[in-house]
Amino acid sequence: MTAARRTLLSVVGFQLALAVALSLVDSYRRRGKKPKPFPVTPPRTVEVGEGTLTTYTFGTDLYDDMLAAIDGAKKQVLFETYIWKGDEVGEQFKTALIRAAERGVEVYCIYDGFANLVVSPRFKHFPHTLKVLRYPVWSAGWRFWDLRRYGRDHRKILVVDEEVGFVGGYNIGSAYATEWRDTHVRITGPGVWDLKRAFADFWNLNRRKRIGRSERPLLLETASVWEPRIRFARNVPRLWMFPIRSMYLEAINRATRNIWMTHAYFIPDQDFVDSLKEAAGRGVDVRLLLPLKSNHIVADWISRGYFSQLLNAGVRIFRFRDAMVHAKTSTIDGNWSTVGTANVDRLSLQGNYEINVEVIDESLATVLEEIFVRDESNSLELTSQEWEARDLHRKFTEFVLAPLRPLL
C-alpha cells in the first residue's frame, strides 16, 4: 500500500509539475507579443419574435453600445461580469455605472472575487451609491464538503431598464476590446425580462446574510410573457442545476445537416464526444473552431487528446490563428443557435454559474453561420494525416495530462 501511494503521488506530482512548467514556458514566450488583426463581422441585427438580437464579434463595438445603454438608463442597471479589469475600459464601465447611480438610477453590480484577485484593491472600492456583490473567492465557508458551493460566477450580463440586455463571452477589459475574438448578443423584447430574472435569482441566492441584517433582495417587476423562440439555459451549482450540457446534447442529437461550434476551451466528456462522432457518422457536417493557441496552454494540451477520434469520425477541426478566440457559440441545421458564457468543459457544464441564450430562428442562425465562415477564413484546418504525424513528445505530453480532464 505504501508503494502504491508513493507511485500515485509521484504520477500526480509529475502531471502537476508538467502543467506548471508548460504554463510558465508559454507565459515567457508570450511576453511582449501582441495578437495580429483578425477578420471582424460588423454588428448585425435580426428580428426574432417581438424583439431583436444583435451579434457582436469585436469588443470595441460591443463596449460602445453597452456604455451607451448605461448612460441612457433611467431606472435600473444590472451588471454582472466574471473578469473586470482595472484598466482603461474597466474604468470606463465603473465611471458610467457611478454616473448612473448619481442621477438616481438603481445600479446593481456582481463580479467574481477569484477571477479578479490580480485586480488592484483600489479599483474594487465602490461608492455606497452602487449595490455591489463580490462573489467570494471561497464560497463554501465551513461546508467544505458541499460540492454545490465550489462553482465560480462565470456569467456576463447587462440589463438596462428592462429594455435591452447583453449576454455572451466578453469580459470587461482593454485587451478584450481589440485583441480577442469573442461573441456577444444584444437582446430587446420579452427576452430581456428572462435575462433580468437570471440576474435577480443569482443576486437573491448569494446576497450577504448576516446576523441581525442582510442585503435587500432584488424584487422582480417584470411581465410574465414567454418568447418561445428565445430561451435561457442557466447552470446553478447551488441548486445542482446544469441544463446547458443537456441543451447541447439534445440539439446535437437532432442535427441532420450541420453542426458548427466555436469554443475557446474544448474539453468535453466522452458522451459529448460520442454525440459529435455519431452525428458525423450519419452525414452531418460537424465542424469545430478552436484557438490555435489559447491563453491556457494546459487546456489546449488536454483538449488535443480528443482530436484523433474526432478526426477519424469525420469531424472537421479548424484552429483560429494569430489571436485568441474566446467565443462560446454553436449553430445547427440553419435553425438552432446558442450564444453564451459556457465552454464545453467540466468547469462550465458541471461546475460554474453559466448562462446561454438558446434561439430557434433561421435569421440568427444565418448570421452565426456567416460569422463562422469568416472565422474559418482565418483558421488552419487540421487533417488526420497532419495530426497523426505529430512528434512523439507531443503524444507523450497529451497522454500524461489526460487524467487532468475531470479537473477542467
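Residues numbered from 1 in each chain as written. Predicted model: local features only at pLDDT ≥ 70, side-chain atom pairs only at ≥ 80, totals over all residues. Heavy atoms only, no water.

Peer 1: If you had to explain the overall build of the chain to someone new, which residues and values would you point to?
Peer 2: Regarding its fold elements, the chain presents 13 helices and 20 strands. Taking the contacts inside the chain whose residues are at least 6 apart along the sequence as the reference set, 77% of them involve residues at least 24 apart. (Helix = DSSP H or I, 4+ residues; strand = E, 2+ residues; numbered from the N terminus. Contact = heavy atoms within 4.5 Å.)

Peer 1: Outline helix α3 (residues 88-102), listing residues and values.
Peer 2: The α-helix winds at 3.6 residues per turn, so residues separated by three or four positions along the chain end up facing the same way. In this model, α3 (15 residues) spans 21 Å end to end at C-alpha, consistent with the 21 Å of a helix rising 1.5 Å per residue. Of the positions making up α3, those classed as buried are Val89, Gly90, Phe93, Lys94, Ala96, Leu97, Ile98, Ala100 and Ala101. Where α3 is buried, its residues meet α2 (59-71), β3 (76-81), β4 (106-112) and α4 (174-178). Residue Asp87 occupies the N-cap position of α3, its side-chain oxygen lying 3.3 Å from the main-chain nitrogen of Val89. Trailing α3 by a residue or two, Gly104 shows a phi angle of about 100°, which is positive. (Expected span 1.5 Å × (residues − 1). Buried < 20%, exposed > 50% of the residue type's maximum accessible area, 1.4 Å probe, protein only. Polar contact = N/O pair within 3.5 Å; in protein donor to acceptor, adjacent residues only side chain to side chain.)

Peer 1: Lay out the environment of His128 with the relevant residues and their values.
Peer 2: Tracing the backbone through its elements, the reader meets His128 in the loop between β4 and β5 (131-135). Here the alpha-carbon distance between His128 and Ile98, two residues 30 residues apart in the chain, equals 9.7 Å.

Peer 1: Got a sec to walk through the confidence of the model for the chain? Specific residues and values, please.
Peer 2: Per-residue pLDDT for the chain has a mean of 87; in total, 83% of the residues score no lower than 70. Counting interchain partners and residues more than four positions distant, the pLDDT-below-50 stretch residues 22-26 has 7 contacts. Throughout residues 210-214 the model reports pLDDT below 50, and contacts reaching past four residues in sequence, or to other chains, amount to 3 contacts. (pLDDT = per-residue confidence, 0-100.)

Peer 1: Account for unusual backbone geometry, with residues named and values stated.
Peer 2: Notably, Asp161 is not glycine yet its phi reads approximately 55°, a positive angle. Mapping Asp161 onto the fold places it in the loop between β6 (157-160) and β7 (164-168). Here Glu162, not a glycine, exhibits a phi torsion of approximately 60°, which is positive. For Glu162, a relative accessible area of 25% gives the class partly exposed.

Peer 1: A description of the sheet that holds strand β13 (residues 258-263) should follow, citing residues and the corresponding values.
Peer 2: Spatially, the 8 strands line up as an open sheet ordered β12-β19-β18-β17-β13-β14-β15-β20, and their pairing is mixed. Each edge of the sheet is formed by a strand with only one pairing partner; in this case those strands are β12 (230-235) and β20 (379-382). Sheet twist, expressed as the mean angle between neighbouring strand axes with direction ignored, is 15°. Sheet analysis places β13 next to strand β17 (residues 328-332), joined by 5 bridges and oriented antiparallel. Note on β17: the bridge partner recorded for His263 is Lys328. (Pairing = 2+ DSSP bridges. Axes fitted to C-alpha atoms, helices over the stretch in contact; angles between N-to-C directions.)

Peer 1: Account for the packing of aromatic side chains, naming residues and giving values.
Peer 2: The full count for this structure, using the stated rule, is 21 aromatic pairs. Ring centres 6.4 Å apart and planes at 40° place the aromatic pair Tyr56 and Phe166 in the tilted group. Placement of Tyr56 in strand β2 (residues 51-56) and of Phe166 in strand β7 is noted, with a sequence separation of 110 residues between them. A relative accessible area of 1% means that Tyr56 is categorised as buried. Note on Trp84 and Phe126: the rings are 5.4 Å apart at their centroids and 35° apart in plane angle, and the pair reads as tilted. Placement of Trp84 in the loop between β3 and α3 and of Phe126 in the loop between β4 and β5 is noted, with a sequence separation of 42 residues between them. According to the relative accessible area criterion, Trp84 is buried, its value standing at 2%. Three or more aromatic residues joined by ring pairs form one cluster here, namely Tyr63, Phe79, Trp84, Phe93, Tyr111, Phe123, Phe126 and Tyr170. Above the face of the Phe126 ring, Lys94 is positioned so that its terminal group lies 5.1 Å from the ring centre. The ring of Tyr108 has Lys131 sitting right over it, with the charged end atom 5.3 Å from the ring centre. (Phe/Tyr/Trp six-rings, centres within 6.5 Å; stacked < 30°, edge-to-face > 60°. Lys NZ or Arg CZ within 6 Å of the ring centre and 35° of its normal.)

Peer 1: Give a description of the UniProt feature "domain: PLD phosphodiesterase" (unreviewed entry) in the chain that names residues and reports values.
Peer 2: Here, the residues flagged by UniProt with the feature "domain: PLD phosphodiesterase" (unreviewed entry) are residues 149-176 and 321-348. Secondary structure content for residues 321-348 is 11% helix and 43% strand, while the C-alpha to C-alpha distance between its ends is 24 Å. (UniProt positions renumbered as here; feature names shortened; annotations may be inferred.)

Peer 1: I'd love a proper account of the environment of Leu67, names of residues and values included.
Peer 2: Its place among the elements puts Leu67 in helix α2. Aside from chain neighbours lying at most four places away, what touches Leu67 is Gln92, Phe93 and Ala96.

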